Amino acid sequence: MEQAKSLHESEERAVAACMRQRGFSYREVPAGRIVAENPYGLLTEAQAAGDGYGLTADLLAGPPDDPNAQFLARLDPRHRAAWRNALTGTGKHERTLSAPGSPDLRINTDGCVYLGRRALYGSEWEQAELTIAGLTARVTNRVLADSGFRSAQRTWADCMRAKGEPFATLQDARGAIQNAANKAGSDRVALQNVGRRELQLAERDAACQRQSDLAEAVRTAQKRVEAALPASSHRQAAKLADLRKQALSSST
């Protein structure tokens, strides 16, 4: 999480530098609340007790304030549009990136958001990130289909049922909270009620994960899946890690 915050801050500095070069004022946007995510829904009891699934807390906190909002409000529509075009691009130099297992990604290459990231990570970053996102999704799906994982998840489900929680999968439990939060919308009282339910469910979820040894089942299945990947996939993952490492070292 500290690395993610550091990279976000470096990205914002690069964007601000690009905007200054174009003659525009830009105040760096602070990082929002960063929560460690796990594609399988793994959860420790400490995480569950402190933050549940990290869903309603984000909604109650809301997005971080944009320090550029007041400045933009003072601009006339023409200058405001010019500022936004400088930041996000115009679409005149749009590129579409593709990778197996990932939706296509359209990027404007003439905006400071892209140019700042390119200055920080290099020109291959977006493609490398998209490729690894697709690879991660494929690995995750294969782990979820693994017989060892499915057996551990059935044990987890039995444990949850004994606690009065009739969920068949980890995604079902988390999804129930997400659905309730979506239904609550912007009603803070309703969201607070969802938050209390989230903590209760997450604590039961984490306890049953520990009792069913789900984390170990995931580790075992993931090792098996990753060992079967072609060498090219390992090279792609190493490439993305190197680009991130270079960005972190350049930001310190």
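Note that the structure is predicted; figures quoted are calculated from it, not measured.

Student: Break down the state of the cysteines for me, with residues and values.
Tutor: Per the counting criterion, the structure on display carries 2 disulfides. Two residues share a disulfide in this structure: C18 and C112, whose sulfurs sit 2.1 Å from each other. Taking the sign of the torsion about the S-S bond as the criterion, the disulfide between C18 and C112, at about -70°, is left-handed. A residue pair is termed long-range when its members are at least 10 positions apart, and C18 in helix α1 (residues 2–21) and C112 in helix α6 (residues 112–121) qualify at 94 residues. Taken as a pair, C18 and C112 share a single burial class, namely buried. Each sulfur of the disulfide joining C159 and C208 lies 2.1 Å from the other. Looking along the S-S bond of the C159-C208 disulfide, the torsion reads about -75°, which is the left-handed sense. One end of the pair, C159, is in helix α8 (residues 147–162); the other, C208, is in helix α10 (residues 188–212), and 49 residues separate them in sequence. For the pair C159 and C208, one class covers both residues: buried. Cysteines bonded in the chain are numbered consecutively along the chain; their disulfide partners then correspond to 1-2, 3-4.

Student: Account for the pairing of strand β2 (residues 102–108), with residues named and values stated.
Tutor: Bridge analysis of strand β1 (residues 94–99) against β2 gives 5 bridges, and the strand direction is antiparallel. By the bridge assignment for β2, L97 is matched with L105. Joining the antiparallel neighbours β1 and β2 is a turn of 2 residues, in which G101 adopts a positive phi near 85°.

Student: Before we move on, can you summarise the environment of Q211 with the specific residues and values?
Tutor: Structurally, Q211 can be placed in helix α10. Among all residues touching Q211, those that are not within four sequence positions of it are C159 and K163.

Definitions and limits used
- Residues numbered from 1 in each chain as written.
- Predicted model: local features only at pLDDT ≥ 70, side-chain atom pairs only at ≥ 80, totals over all residues.
- Heavy atoms only, no water.
- Disulfide = S-S within 2.5 Å.
- Helix = DSSP H or I, 4+ residues; strand = E, 2+ residues; numbered from the N terminus.
- Buried < 20%, exposed > 50% of the residue type's maximum accessible area, 1.4 Å probe, protein only.
- Pairing = 2+ DSSP bridges.
- Contact = heavy atoms within 4.5 Å.

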